[in-house]
Amino acid sequence: MPQADASIINPDVAAIPMSQREAIWKAMLGRNDLANLASGNPDMIMPASVREAMQHHVAEGYARYTDYYGFRELREGIGCMLERDWSLSIDAEDAIIVTCGVQEGLYIVMRSILKPGDEVIIPSPHYGTYYQNTIVCGARPVLVPLEESDGFVPDVERLEAAVTSKSRAIVFCNPSNPLGVVWSHETLKSLADFARSHDLLVLVDEIYRDYTFNGEPLSIGSLPGMARRTFTFGGFSKSHLMMGLRIGFVAGPMALMQAIKKLHYCVVLCPSVTSQAAALAALNCTEAELAPIRRHFAAQLDRLYRHVAALPGVSCVAPGGSFYVFPNFSRYGADAMAFAIRLIEEAGVVTLPGTEFGELGQGYLRLSVCANESEVSEGIRRLETFIHDQQG
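Model, not experiment: these values are computed from the prediction. (Residues numbered from 1 in each chain as written. Predicted model: local features only at pLDDT ≥ 70, side-chain atom pairs only at ≥ 80, totals over all residues. Heavy atoms only, no water.)

Participant: Help me understand the overall build of the protein chain, please; the structure alone is not making it clear to me.
Facilitator: Along the backbone of the protein chain there are 13 helices and twelve strands. Over its C-alpha atoms the protein chain spans a radius of gyration of 21 Å, differing by no more than 12% from the 21 Å that the globule rule assigns to 392 residues. C-alpha extents for the protein chain along the principal axes are approximately 65 × 55 × 55 Å. For the protein chain, the residues scored as buried account for 53% of the 392 residues in total. Across the protein chain, the fraction of contacts at a sequence separation of at least 24, relative to all contacts at a separation of at least 6, is 75%. Carbon together with sulfur atoms contributes 51% to the accessible area of the protein chain, which is approximately 17000 Å² in total. One finds the centroid of the 32 positive side-chain charges in the protein chain at a distance of 2 Å from the centroid of its 44 negative side-chain charges. (Helix = DSSP H or I, 4+ residues; strand = E, 2+ residues; numbered from the N terminus. Rg over C-alpha atoms; globule rule 2.2 N^0.38 Å. Buried < 20%, exposed > 50% of the residue type's maximum accessible area, 1.4 Å probe, protein only. Contact = heavy atoms within 4.5 Å. Areas by Shrake-Rupley, 256 points an atom, 1.4 Å probe, with all protein chains shown as cover. Lys, Arg positive; Asp, Glu negative; His and termini not counted. Charge placed at Lys NZ, Arg CZ, Asp CG, Glu CD.)

Okay, structure coming up:
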């Protein structure tokens, strides 16, 4: 029997960087008076039709295993949605897997396509899982800076400079968590050209697609020549407020998805049957149910941005979607974590340090509108008071 100590852990797993959020949670302990502008977990209930579908399913009393890759009807519905709204033509039987959220989808794809020594290009600041999954696969994350002065739009020359013979894939989120920006059609076309010219696979996380507030977003997989190299991730967590049901999907090249299905089976066997019942109902939600949710977050995000951008000494790129803004508070402290903890202790406001999203987030904070409206308002008020007090 091996000794039960850390030496037996796979080195790639041991190397996974832990989230910095533990320091934030520790600073919050014992405080019941905080205004939370950190969470990506919306404080709203699911649409009524989704709740009713779940209640009906539970009342029937059946919770049997399903098709390993998701209900056929659900996969077909996702395929229809992708073709109708995302301009993606995907074979529902062979190229779509229903996953336990985008998180599982990212892992099974990256674990399947990456080999030790491969490199993954990650425009950064970035969602932390992209980096973590690269590490656990024995691959090397290559962070390419997204500059505030460029509106956090990727610079193709920087991307080109990051390419080596080991480059395997590029992964990004659009709309962006944590940046709140939505890359234009022209930017995505440039990224597609870049991927094709270097034979890179593309992993695009579009979980915030329904929260795009200035025109329809473009799915990079719909561009010429991109279907054979693009994995598109989506789900119902944000669009239908189903975060805790852990239900999403990945659509990708058929030739590669067959192998990825095998890993999905090993990891989860099949998605939750109750969550799939909810997802089926979500696909049939009416515009009357969903439009008020989108309007709420659009208005909240615009209000948060306007107040933050008006703070003295603070700069902030205007958001185009998601739930977030990513303001630059470096004038008030170069160490993002130290400043975030200071805001908890002195202002009663919870934020996330930009370094939660990579070292290139130093000096920034991520602020969110996922708390209820009154809590967001109070968080804004406290933040304004704190910053103005620093001016005195």
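Participant: Explain the state of the cysteines here, please?
Facilitator: Formally, a disulfide is one covalent bond, and it connects the sulfur atom of one cysteine to the sulfur atom of another. Under the counting rule described, the total for this entry stands at zero disulfides. Considering cysteine sulfurs only, Cys370 is the nearest to Cys173, which forms no disulfide, with 13 Å between them. With no disulfide of its own, Cys266 lies 14 Å from the sulfur of Cys270, the closest cysteine sulfur. The exposure class assigned to Cys266 is exposed, which follows from its relative accessible area of 63%. (Disulfide = S-S within 2.5 Å.)

Participant: Would you explain the packing of helix H5 (residues 101–113) against helix H6 (residues 128–136) in this entry?
Facilitator: Geometry of a packed helix pair, given as the angle between the helix axes and the separation of the axes. H6 packs onto H5 with a crossing angle of 35 degrees between their chain directions and a minimal axis gap of 10 Å. Relative to H6, H5 is oriented so that their crossing is right-handed. Across the interface between the two elements, Gln103, Leu106, Tyr107 and Met110 from H5 touch Thr129, Tyr130, Asn133, Thr134 and Val136 from H6. When the residues that make up the contact of H5 with H6 are grouped by side-chain class, the tally is five nonpolar, four polar and no charged. (Axes fitted to C-alpha atoms, helices over the stretch in contact; angles between N-to-C directions. Left-handed = near helix turned anticlockwise from the far one by under 90°. Nonpolar A, V, L, I, M, F, W, Y, C, P; charged D, E, K, R; others polar.)

Participant: Is there a simple way to think about the environment of Leu269 in this case?
Facilitator: Note that Leu269 resides in the loop between helix H9 (254–268) and helix H10 (273–283). Put simply, Leu269 and Thr129 are 140 residues apart on the chain and 22 Å apart in space, counted from C-alpha to C-alpha. Sequence-distant contacts of Leu269, defined by excluding residues within four places in its chain, comprise Tyr65, Tyr68 and His264.

Participant: Just checking my understanding: could you explain the packing of aromatic side chains for this structure?
Facilitator: Any two aromatic rings considered together are summarised by their centre-to-centre distance and by the angle between their planes. Tallying each qualifying case throughout the model produces 19 aromatic pairs. Pairing Tyr68 with Tyr69 gives two aromatic rings, centres 6.1 Å apart and planes at 80 degrees, and the pair type is edge-to-face. Seen from their ring centres, Phe152 and Tyr364 are 6.0 Å apart, and the 65 degrees between their planes marks the pair as edge-to-face. Of the two residues, Phe152 is situated in the loop between strand S4 (140–145) and helix H7 (156–162) and Tyr364 in the loop between strand S11 (352–353) and strand S12 (365–368); the sequence distance between them amounts to 212 residues. Aromatic ring contacts, followed pair by pair, group Tyr208, Tyr211, Phe297, Phe323 and Tyr324 into a single cluster. The positively charged end of Lys261 is found above the aromatic ring belonging to Tyr69, 4.7 Å away from the centroid. (Phe/Tyr/Trp six-rings, centres within 6.5 Å; stacked < 30°, edge-to-face > 60°. Lys NZ or Arg CZ within 6 Å of the ring centre and 35° of its normal.)

Participant: Looking at this structure, I do not really get the sheet that holds S11. What am I missing?
Facilitator: Working definition: the strands of a sheet are paired by backbone hydrogen bonds and lie parallel or antiparallel to each other. Here we have three strands laid out as an open sheet, ordered S9-S12-S11, and antiparallel in their pairing. Looking at strand neighbours, the two that pair on one side only are strand S9 (324–325) and S11, the edges of this open sheet. As paired elements, S9 and S12 share two bridges and run antiparallel to each other. Bridge assignment links Val325 to a residue of S12, and that residue is Leu367. (Pairing = 2+ DSSP bridges.)

Participant: Please explain the packing of helix H12 (residues 336–347) against helix H13 (residues 373–391) as it appears in this structure.
Facilitator: One can describe the packing of H12 onto H13 by two numbers: an axis separation of 11 Å at closest approach and a directional angle of 105 degrees. By the criterion of interaxial angle, the relationship of H12 to H13 is roughly perpendicular. Judged by residue contacts, Phe339, Arg342, Leu343, Glu346 and Ala347 of H12 engage Arg382, Leu383, Phe386, Ile387 and Gln390 from H13. Class assignment for the residues of the contact of H12 with H13 results in six nonpolar, one polar and three charged. (Parallel < 35°, antiparallel > 145°, perpendicular 65-115°, else oblique.)

Participant: It is not clear to me how the sheet that holds strand S6 (residues 201–205) should be interpreted in this structure. Could you clarify?
Facilitator: Strand order in the open sheet formed by seven strands is S2-S8-S7-S6-S5-S3-S4, and the pairing between neighbours is mixed. On the outer flanks of this sheet lie strand S2 (96–99) and S4, each paired with one strand and no other. Put simply, the sheet's adjacent strands are angled 20 degrees from each other on average, direction ignored. One ladder, built from four bridges, connects strand S7 (residues 230–235) with strand S8 (residues 248–251); its direction is antiparallel. Within S8, the position partnered with Gly234 by the bridge is Phe249. Where H5 meets the sheet, its contacts fall on S2, strand S5 (167–173), S6, S7 and S8, and the angle it forms with S7 comes to roughly 160 degrees.

Participant: Any chance you could explain the pairing of S5 here in plain terms?
Facilitator: Where a strand is regular, its side chains alternate between the two sheet faces. For S5, the tally of buried residues reaches six of seven residues, placing the bulk of the element in the interior. For strand S3 (residues 119–124) and S5, the ladder comprises three bridges, and the chain directions are parallel. Along S5, the bridge assignment pairs Val120 with Ala169. Crossover connection from S5 via helix H8 (residues 185–197) to parallel S6: handedness right-handed. (Right-handed = clockwise from strand over helix to strand, strands pointing away.)

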